[in-house]
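So the chains spell out like this:
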Amino acid sequence: MAVVRQFQGPIDLHAHSSVSDGTETPAELVRAAAGAGLGTVALTDHDSTAGWAAASTAARTAGITLIPGMEFSTRVQYASVHLLAYLFDPADSALLAEVTRVRAARLSRAEQMVARIGMDYDLSWDDVLAQTTPGATVGRPHIADALVARGHALNRSAAFADILHWKAGYFQPHYAPDPLRAIELVRAAGGVPVIAHPATRGIADVVSESRLKTMVGAGLFGLELEHRENNPEPTARLYELATKFGLYVTGSSDYHGTGKPNRFGENTTAPEVLDRIIAEGHGSAPVYG
Ligand code: AMP
Ligand code: FE
Ligand code: FE
Ligand code: ZN
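Every residue gets a number counted from 1 within its own chain, in the order that chain's sequence is written. Following the order in which they are written, the chains are lettered starting with A and the ligands numbered starting with 1. Only residues with pLDDT of at least 70 are given local features in this predicted model, and only at 80 or more are side-chain atom pairs given and counted; all residues enter the totals for whole chains, interfaces and linings. Water and hydrogen atoms were dropped before computing side-chain values, which therefore reflect all heavy atoms in the structure.

**A few points about the coordination of the zinc ion (ligand 4)**
Expected angles at a metal are 109.5 degrees for tetrahedral coordination by four donors and either 90 or 180 degrees for octahedral coordination by six donors. To keep things clear, this is the line we draw: Sites may look incomplete, because water is not among the atoms used; the donor set itself consists of N, O and S atoms within 2.8 Å of the metal (3.2 Å for Na, K and Ca). Square planar and octahedral sites, with four and six donors, are those where opposite donors lie more than 155 degrees apart and all other angles lie between 65 and 115, tetrahedral sites have four donors with every angle between 85 and 135 degrees, and the rest are irregular. Helix numbering and strand numbering both begin at the N terminus, where a helix is a DSSP run of H or I of at least 4 residues and a strand a DSSP run of E of at least 2. Burial status follows relative accessibility: with a 1.4 Å probe on protein chains alone, a residue under 20% of its type maximum counts as buried, one over 50% as exposed, and anything between as partly exposed.
With distances of 2.1 to 2.3 Å, the protein atoms coordinating the zinc ion (ligand 4) are His 14 (NE2), His 16 (NE2), Glu 71 (OE) and Asp 254 (OD). Here the zinc ion (ligand 4) is ringed by 4 donor atoms whose angles at the metal span 76 to 164°, and the overall shape comes out irregular. If you list the donors of the zinc ion (ligand 4) from N- to C-terminus, the spacing comes out as H-x1-H-x54-E-x182-D. In this structure, the zinc ion (ligand 4) lies 4.4 Å from the iron ion (ligand 2). Residue His 14 is found in the loop between strand 1 (11–12) and helix 1 (26–35), and its partner Glu 71 is found in strand 3 (residues 65–76); the two are separated by 57 residues along the sequence. Side by side, His 14 and Glu 71 carry an identical accessibility label, which is buried.

**Things to note about the coordination of the iron ion (ligand 3)**
At the metal site, the iron ion (ligand 3) is ligated by Glu 71 (OE), His 82 (ND1) and His 197 (NE2), and these contacts range over 2.0 to 2.2 Å. Here the donor residues of the iron ion (ligand 3) are spaced in sequence according to E-x10-H-x114-H. For the pair the iron ion (ligand 3) and the iron ion (ligand 2), the metal-to-metal distance amounts to 5.4 Å. Note that Glu 71 is positioned in strand 3 and His 197 in the loop between strand 5 (192–195) and helix 8 (203–206), a separation of 126 residues in sequence.

**So, the sheet that holds strand 3**
Strand pairing in a sheet is mediated by backbone hydrogen bonds. Such pairs are either parallel or antiparallel. Rules: The criterion for strand pairing is that DSSP finds at least two bridges linking the strands in question.
A sheet is described by the order of its strands in space; here 7 strands give the open sequence 1-2-3-4-5-6-7, paired in mixed fashion. Among the strands making up the open sheet, the edge pair consists of strand 1 and strand 7 (248–251). Here 4 bridges tie strand 6 (residues 222–226) to strand 7, and the two strands are oriented parallel to one another. Looking at the pairing, Leu 223 lines up with Val 249 of strand 7.

**Considerations on the pattern of salt bridges**
Rules: Salt bridge, as used here, is a side-chain nitrogen of Lys or Arg placed within 4 Å of a carboxyl oxygen of Asp or Glu.
Considering all chains together, one arrives at 11 salt bridges under this definition. Note that Asp 127 and Arg 150 form a salt bridge whose closest N and O atoms lie 3.0 Å from each other. With a gap of 23 residues between them, Asp 127 in helix 4 (residues 125–129) and Arg 150 in the loop between helix 5 (140–149) and helix 6 (156–161) connect regions that are remote in the sequence. A residue is classified by how much of its surface remains accessible, and Asp 127, at 14% relative accessible area, is buried. On the basis of relative accessible area, Arg 150 is assigned to the partly exposed category, the value being 40%. Put simply, Arg 5, Glu 272 and Asp 275 are held in one network by salt bridges that share partners.

**Considerations on the site of ligand 1**
Using the following cut-off: The criterion for a residue being near a molecule or strand is simple. One of its heavy atoms has to lie within 4 Å of it. Under the rule applied, a polar contact is a pair of N or O atoms within 3.5 Å (in protein, one hydrogen donor and one hydrogen acceptor; residues adjacent in sequence only if both atoms are side-chain atoms). Areas reported as accessible are Shrake-Rupley estimates using a 1.4 Å probe. Residue values count occlusion only from the protein chains shown. Under the scheme applied here, ten amino acids are nonpolar (Ala, Val, Leu, Ile, Met, Phe, Trp, Tyr, Cys and Pro), four are charged (Asp, Glu, Lys and Arg), and all others, including Gly, are polar.
What surrounds ligand 1 is a group of 14 residues, the closest being His 46, Arg 106, Arg 109, Arg 140 and His 256. Separating an oxygen atom of ligand 1 from a side-chain N or O atom of His 46 is a distance of 3.0 Å. Measuring from an oxygen atom of ligand 1, one finds a side-chain N or O atom of His 256 at 2.9 Å. Calculation on ligand 1 without its partners gives an accessible area of 500 Å², and the protein chains cover 82% of this total. Elements represented by at least two residues in the shell around ligand 1 include exactly helix 3 (93–120), helix 5 and helix 6. Class assignment of the residues belonging to the shell around ligand 1 gives a composition of 2 nonpolar, 6 polar and 6 charged.

**Considerations on the packing of helix 1 against helix 2 (residues 52–62)**
Stated precisely, the cut-off is as follows: Axis lines are fitted to C-alpha atoms, over the contacting stretch for helices. Their N-to-C directions set the angle, which ranges from 0 to 180 degrees. In a left-handed crossing the near helix is turned counterclockwise from the far helix by less than a right angle, and in a right-handed crossing that turn is clockwise. Contacts were defined at the residue level, with two residues in contact if any of their heavy atoms lie within 4.5 Å.
One way to put it is that helix 1 packs onto helix 2 with a least axis distance of 8 Å and a crossing angle of 30°. In terms of crossing hand, the pair formed by helix 1 and helix 2 is right-handed. Facing helix 1, whose interface residues are Pro 26, Ala 27, Val 30 and Ala 34, helix 2 presents Ala 54, Ala 55, Ala 58, Ala 59 and Ala 62.

**So, the confidence of the model for the protein chain**
Here is the rule we go by: A residue's pLDDT is the confidence the predictor assigns to it, expressed on a 0 to 100 scale.
Per-chain confidence: the protein chain averages 97 in pLDDT, with 99% of residues scoring 70 or above. Across the protein chain, element-level confidence peaks in strand 2 (residues 40–43) with a mean pLDDT of 99 and bottoms out in helix 8 with 90.

**A closer look at the side chain of Asn 262**
Along the chain, Asn 262 turns up in the loop between strand 7 and helix 11 (271–280). For Asn 262, a relative accessible area of 1% translates into the label buried. A polar contact of 2.9 Å, which involves the side chain of Asn 262, links it to the backbone oxygen of Ser 253.

**Observations regarding the nonpolar core**
Defined as follows: What is meant by a nonpolar core is a set of buried Ala, Val, Leu, Ile, Met, Phe, Trp, Tyr and Cys residues, joined one to another through side-chain atoms within 4.5 Å.
In this structure, Phe 72, Leu 212, Leu 220 and Leu 223 are the most contacted members of the largest nonpolar core, which totals 49 residues. Each residue touching Leu 212, except ones within four places of it in the same chain, is listed here: Ile 195, Val 207, Leu 220, Leu 223, Leu 238, Leu 241, Phe 245 and Leu 247. Formed by 16 residues, the second largest nonpolar core is a distinct cluster that contains Val 114, Val 128, Ala 146 and Ala 153.

**Points about helix 11**
To be explicit about the condition: The arc in question is the one spanned by the directions pointing from the helix axis to the C-beta atoms.
By the burial criterion, the buried members of helix 11 are Val 273, Leu 274, Ile 277 and Glu 280. Down the axis of helix 11, the buried set is contained in an arc of 130°. They therefore lie on one face.

**Observations regarding the side chain of Ser 48**
Checked against the element boundaries, Ser 48 lands in the loop between strand 2 and helix 2. Using a relative accessible area of 8% as the deciding quantity, one classes Ser 48 as buried. Here the side chain of Ser 48 touches Ala 50 through a polar contact of 3.1 Å, landing on its backbone nitrogen. Setting aside residues up to four positions removed in sequence, Ser 48 forms contacts with Val 19, Gly 69, Met 70, Arg 103 and Thr 137.

What follows is the structure, encoded as structure tokens:
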């Protein structure tokens, strides 16, 4: 039986709202996606699904399709590996427990980083809170915004290149599960896991053929190989491995509002790939606007 496709393109499967480190509310983000000409957008805030409800309402009004998602923080040694997850059950208790643990670790880590920065710069935790929507997943971008507000950096990118860079000595990692465990949790919650920007420096080094093979065994669906931060050489290597392991390839912008230069639709995902994500995702449903 042929399945009637209910969504339209262009399809952009990675975007952040003020529920994490984007600058627009979930509703504003969905309206911006529609205004940019997208037919389908995924909301993928870091370690949070708090924006799904407002984004769903906005998608119905704007007449575009919303794919509920999340960018799950995972870690291999010192490398931070981001796992995009789509259409999972946001109330799944095992997944929720792990996400809650990561969010708590992010918060205390940010407080500790700010305490250290505060020894050398005029910066307090209240400065960071002033840049953060209540309940949002706190990250270095909020510390960056506070540094900008205090005049210690020109913009987010400059803060990341300087004070927030690990070489400056203030950086601290935070707890996050192994990607293998995260993939299992996402699948067990009915979701579809895709490694975000896997060919960036740091991540590419830990996504070896053997580790990728293990992740495929655990249920990995695909690789986000079309992303502005992926480097050409590891991207080519991972395209070959995607073919070898039968992984799907996605493309997305990783939009953060004015928090990053990334624009909606600068990379997109093929409709056939989204067909598969919808076929395999059964923890929540797309919102067809
Ligand atoms: P964290 O997870 O708290 O260590 O912060 C990492 C987040 O900061 C990533 O999800 C990116 O969205 C954001 N980020 C990294 N580098 C930059 C940059 N140069 N400019 C703006 N945002 C950045
Ligand atoms: Fe981010
Ligand atoms: Fe990411
Ligand atoms: Zn992202």
